[in-house]
Each structure stands twice: as C-alpha cells, then as structure tokens.
Amino acid sequence: MKGREMTTDNIDFDHLLRSNLERVFNERDDDKRRTAIAELFVEEPVMYEPTDIVQGRAEISRVAANLLKQFGPTFRFIPNGVAVGHHGLAHLAWHAGPEDGPVAVTGADVAEIEGGKIARLWVLLNVQKSK
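The model shown is predicted, which means the values in this text are computed figures rather than measured ones.

So, on to the confidence of the model for the chain. Predicted confidence across the chain gives a mean pLDDT of 91, with 90% of residues reaching 70 or more. Scored below 50 in pLDDT, residues 1–8 makes 5 contacts in the model with residues more than four places away or belonging to other chains.

Encoded structure:
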C-alpha cells in the first residue's frame, strides 16, 4: 500500500490480550494486578461492559477484583484460540467458570490498541435467551 504505514505490525495482539485475561482478570493479588494494568493499559483506559462503562486503571482493577470475589476462588477466564488483530484492533474469545467445572459464561474481548497498550476494551458476553 503506497503511502500508508503499517504501525501495528509489530504488536503481539495474542500476547497482549492473553496477558490481560491472565494477569488482570485472573489475578487475585491486588498489587500484581495493578502492576499488570500499568504495563498493559494506557494511562486513562476505558472498559465497556454490557452494563457499565469503567474509566481508569484503578476502576478496572476494582472490577476485576470484584468479579473474582463474586465467583469464588477457582473461577478463571480461559482464552479460546489465538487473539487476532490488525490496525490497532484485536479480538480474543474466551470462556470462564470454576476450574474443572462447567463453563459459566463465554464471551470475547475486543481491544483498541494505542502505542502497544490497551486503550479501550469492550467485554462482549454471549447471553443465552430463554425461549
């Protein structure tokens, strides 16, 4: 593509989004989670959940901690396949539930990447509708 620079070719989208699941949303230690968020997210990130918009690193950490407390000590998010992305947008499907237990929820994270870090994160849940 003449005249257009590819600025995201060197971003490892899979590593970034898997690290978000493992080091942020599966991390029960507050200090380790805050350190990971500082490494993975821009200074003023925004996270879009189905029922809320969360702004800032501290609030993202709070939401992750509350999720882990709510669902118990063995609840984990597990990536499905490999994250894909280009031009600053990435997607990673996942499932979650208790270790060695049934899947409680499935979904995907879609992230807008700026400067190699997550700037905006959309958490998309697969919701089963009753008939």
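Picking up where we left off.
With that settled, consider the sheet that holds strand E2 (residues 52–55). Taken in spatial order, the 6 strands line up as E2-E1-E6-E5-E4-E3 in an open sheet, and their pairing is mixed. If you trace the sheet from one side to the other, it starts and ends with E2 and strand E3 (75–86), each paired once. Averaged over all adjacent pairs, the angle separating strand axes in this sheet is 20 degrees, with direction ignored. Against the sheet, helix H1 (residues 13–25) contacts strand E1 (41–49), E3, strand E4 (89–98), strand E5 (105–114) and strand E6 (117–126), and its axis sits at roughly 160 degrees relative to E3. On top of the sheet, helix H3 (residues 57–71) reaches E1, E2, E3 and E6; it is set at about 45 degrees to E1, its chief contact.

Turning our eyes to something else, we now look at the pairing of E6. Judged from the 4 bridges that link them, E1 and E6 form a sheet pairing that is parallel. Residue pairing in the sheet places Val46 in a bridge with Arg120 of E6. Relative to E6, E5 is paired through 9 bridges, and the arrangement is antiparallel. Note that in E6 the partner of Thr106 across the bridge is Asn126.

Attention now goes to the packing of helix H2 (residues 30–40) against H3. Contact geometry for H2 and H3: axes closest at 10 Å, N-to-C directions at 135 degrees. With respect to H3, the element H2 is oriented oblique. Crossing geometry of H2 relative to H3 is assigned as right-handed. Contact residues: Asp30, Arg33, Arg34, Ile37 and Ala38 in H2; Arg57, Ile60, Ser61, Ala64 and Ala65 in H3. Within the contact of H2 with H3, the residues separate by chemical class into 5 nonpolar, 1 polar and 4 charged.

Conventions and cut-offs
- Residues numbered from 1 in each chain as written.
- Predicted model: local features only at pLDDT ≥ 70, side-chain atom pairs only at ≥ 80, totals over all residues.
- Heavy atoms only, no water.
- pLDDT = per-residue confidence, 0-100.
- Contact = heavy atoms within 4.5 Å.
- Pairing = 2+ DSSP bridges.
- Helix = DSSP H or I, 4+ residues; strand = E, 2+ residues; numbered from the N terminus.
- Axes fitted to C-alpha atoms, helices over the stretch in contact; angles between N-to-C directions.
- Parallel < 35°, antiparallel > 145°, perpendicular 65-115°, else oblique.
- Left-handed = near helix turned anticlockwise from the far one by under 90°.
- Nonpolar A, V, L, I, M, F, W, Y, C, P; charged D, E, K, R; others polar.

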